[in-house]
Amino acid sequence: MQRSAMRELAFKLVYEIEVQKENEDEQIEIFIENNEITDNSVIDYLKDIKDGIQTNSEEINRLITTNLKDNWSLNRISKINLSLIKIAIYEMVYKQLPYKIAINEVVELAKKYADESAPVFINGILASVVKEKKLNGDINEN
């Protein structure tokens with residue numbers, strides 16, 4: 001399975017967790033079963049995304065909050081957009097995925113799953129996060 005397809009599955013999982021907010025370990029098992037995922041590399045990727053976002057949620061939420069414009073808050077961001085932003089931040093900051101790839105992938109998912117303003121909104125937040133992390137040398141450009 002291609003990484004883009006795996007990331008789309010990860011988005012769906014993270015979105016489900018954002019909506020339900022409980023029993024995350026149980027949710028991933030149900031998600032894997034319901035989507036008939038048998039490839040261990042896909043399962044490992046999904047678990048890594050879920051665990052990584054969960055483990056680093058405080059820092060990820062801080063990065064989102066400090067890079068919001070016009071007095072926005074986390075609660076005001078749609079669950080779809082929030083899920084996509086969290087995946088991109090986790091992959092850019094903690095997995096050292098080149099930021100251009102991470103941003104492009106979630107923007108494409110936003111075009112597919114979110115409203116028409118979402119790609120610009122998501123791109124703006126992530127570009128601001130990249131700018132902040134570049135100053136600290138915490139992000140991979142290549």
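Structural notes, computed from the coordinates.

Rules used in this analysis
Residues numbered from 1 in each chain as written. Predicted model: local features only at pLDDT ≥ 70, side-chain atom pairs only at ≥ 80, totals over all residues. Heavy atoms only, no water. Helix = DSSP H or I, 4+ residues; strand = E, 2+ residues; numbered from the N terminus. Contact = heavy atoms within 4.5 Å. Phe/Tyr/Trp six-rings, centres within 6.5 Å; stacked < 30°, edge-to-face > 60°. Buried < 20%, exposed > 50% of the residue type's maximum accessible area, 1.4 Å probe, protein only. Core = buried A, V, L, I, M, F, W, Y, C linked by side-chain atoms within 4.5 Å. Expected span 1.5 Å × (residues − 1). Salt bridge = Lys/Arg side-chain N within 4 Å of Asp/Glu carboxyl O. Axes fitted to C-alpha atoms, helices over the stretch in contact; angles between N-to-C directions. Parallel < 35°, antiparallel > 145°, perpendicular 65-115°, else oblique. Left-handed = near helix turned anticlockwise from the far one by under 90°. Nonpolar A, V, L, I, M, F, W, Y, C, P; charged D, E, K, R; others polar.

## Some thoughts on the environment of Ala118
By the element assignment, Ala118 lies in helix α7 (residues 118-136). Expressed as a C-alpha distance, the spacing of Ala118 and Asp70, which sit 48 residues apart in the sequence, is 16 Å. Setting aside its immediate chain neighbours within four residues, Ala118 contacts Asn81 and Ala110.

## What about the packing of aromatic side chains?
Scanning all chains against the criterion turns up 4 aromatic pairs. Ring centres 5.1 Å apart and planes at 45° place the aromatic pair Phe11 and Tyr113 in the tilted group. With Phe11 in helix α1 (residues 3-20) and Tyr113 in helix α6 (residues 99-113), this residue pair connects regions lying 102 residues apart in the sequence. When its relative accessible area of 27% is taken as the criterion, Tyr113 is described as partly exposed. Between Tyr90 and Tyr94, the aromatic rings sit 5.9 Å apart at their centres with planes inclined by 20°, giving stacked as the arrangement. Note that Tyr90 and Tyr94 are positioned in helix α5 (residues 79-94) at a spacing of 4 residues, about one turn of the helix. Overall, Tyr94 belongs to the partly exposed group, its relative accessible area being 30%.

## Points about the nonpolar core
With 45 residues, the main nonpolar core has Leu46, Ile89, Met92 and Leu126 as its most contacted residues. For this core, the elements supplying multiple residues, two or more each, are α1, α2 (24-34), α3 (40-55), α4 (57-66), α5, α6 and α7. Sort the elements by how many residues they give to this core and α5 lands first, with 9 residues.

## Some details on α1
Between its first and last C-alpha, α1 extends 25 Å over 18 residues, near the 26 Å set by a 1.5 Å rise per residue. Lys21 lies just past α1 and shows a positive phi near 55°.

## Section: the pattern of salt bridges
In total, this model carries 11 salt bridges according to the counting rule given. Note that Glu132 and Arg62 form a salt bridge whose closest N and O atoms lie 3.0 Å from each other. A residue pair is termed long-range when its members are at least 10 positions apart, and Glu132 in helix α7 and Arg62 in helix α4 qualify at 70 residues. Taken together, the shared-partner salt bridges connect Arg7, Glu91 and Glu105 into one network.

## Some words on the packing of α1 against α2
It is the contact of α1 with α2, at a shortest axis distance of 10 Å, that shows an interaxial angle of 140°. Comparing the axis directions of α1 and α2 gives the class oblique. Between α1 and α2 the crossing geometry is right-handed. Where α1 approaches α2, its residues Leu9, Lys12, Leu13, Glu16, Ile17 and Gln20 are matched on the opposing element by Glu24, Gln27, Ile28 and Phe31. Among the residues making up the contact of α1 with α2, the classes are represented as 5 nonpolar, 2 polar and 3 charged.

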